[in-house]
Amino acid sequence: QVQLVESGGGLVQAGGSLRLSCAASGRTFSSYAMGWFRQAPGKEREFVAASSWSGFKTSYADSVKGRFTLSRDNAKNTVSLQMNSLKPEDTAVYYCAAGVGGSRSPGSYDYWGQGTQVTVSS
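This section reports on the structure supplied with the text. (Residues numbered from 1 in each chain as written. Predicted model: local features only at pLDDT ≥ 70, side-chain atom pairs only at ≥ 80, totals over all residues. Heavy atoms only, no water.)

Here we look at the pattern of salt bridges
Scanning the entire structure with this criterion turns up 4 salt bridges. In this structure, the salt-bridge partner of D90 is R67, at a minimum N-O distance of 2.8 Å. Residue D90 is located in the loop between β8 (78-83) and β9 (92-99), and its partner R67 is located in the loop between β6 (58-60) and β7 (68-73); the two are separated by 23 residues in the primary sequence. Each of the two residues, D90 as well as R67, counts as buried. (Salt bridge = Lys/Arg side-chain N within 4 Å of Asp/Glu carboxyl O. Helix = DSSP H or I, 4+ residues; strand = E, 2+ residues; numbered from the N terminus. Buried < 20%, exposed > 50% of the residue type's maximum accessible area, 1.4 Å probe, protein only.)

Here it is as structure tokens:
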């Protein structure tokens, strides 16, 4: 079992920045691929970014590429999402996820945090 807790969400104006953090506990953190997803009201949960178990392979959704950066610190069992140049359409609940495999599909992840709200005002 892996427990994930997100933090760092909040209210920010368009063009601003936020840094989300995810703290993991339980089984060895480095054994899992890590992903960030988000879900806005009335929408499906969508892929944001993911990192392989090694951290050497990172992918981003086209909508956030160049603005968001995922990083992980296996020694501290944490993964972060630096979000710059935020837009109102980035408003959503952001979730940290862990999975043995890892892909852009939410179904490929085994563990999820409770989410943290990010609101971007225009």
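Structural notes on the sheet that holds strand β3 (residues 18-26)
Spatially, β1-β3-β8-β7 is the arrangement adopted by the 4 strands of the open sheet, whose pairing is antiparallel. Lying at the two open borders of the sheet, with one neighbouring strand each, are β1 (2-7) and β7. Neighbour-to-neighbour, the strand axes of this sheet turn through a mean angle of 15°, independent of strand direction. As paired elements, β1 and β3 share 6 bridges and run antiparallel to each other. Considered in β3, the bridge of V5 is made with A23. (Pairing = 2+ DSSP bridges. Axes fitted to C-alpha atoms, helices over the stretch in contact; angles between N-to-C directions.)

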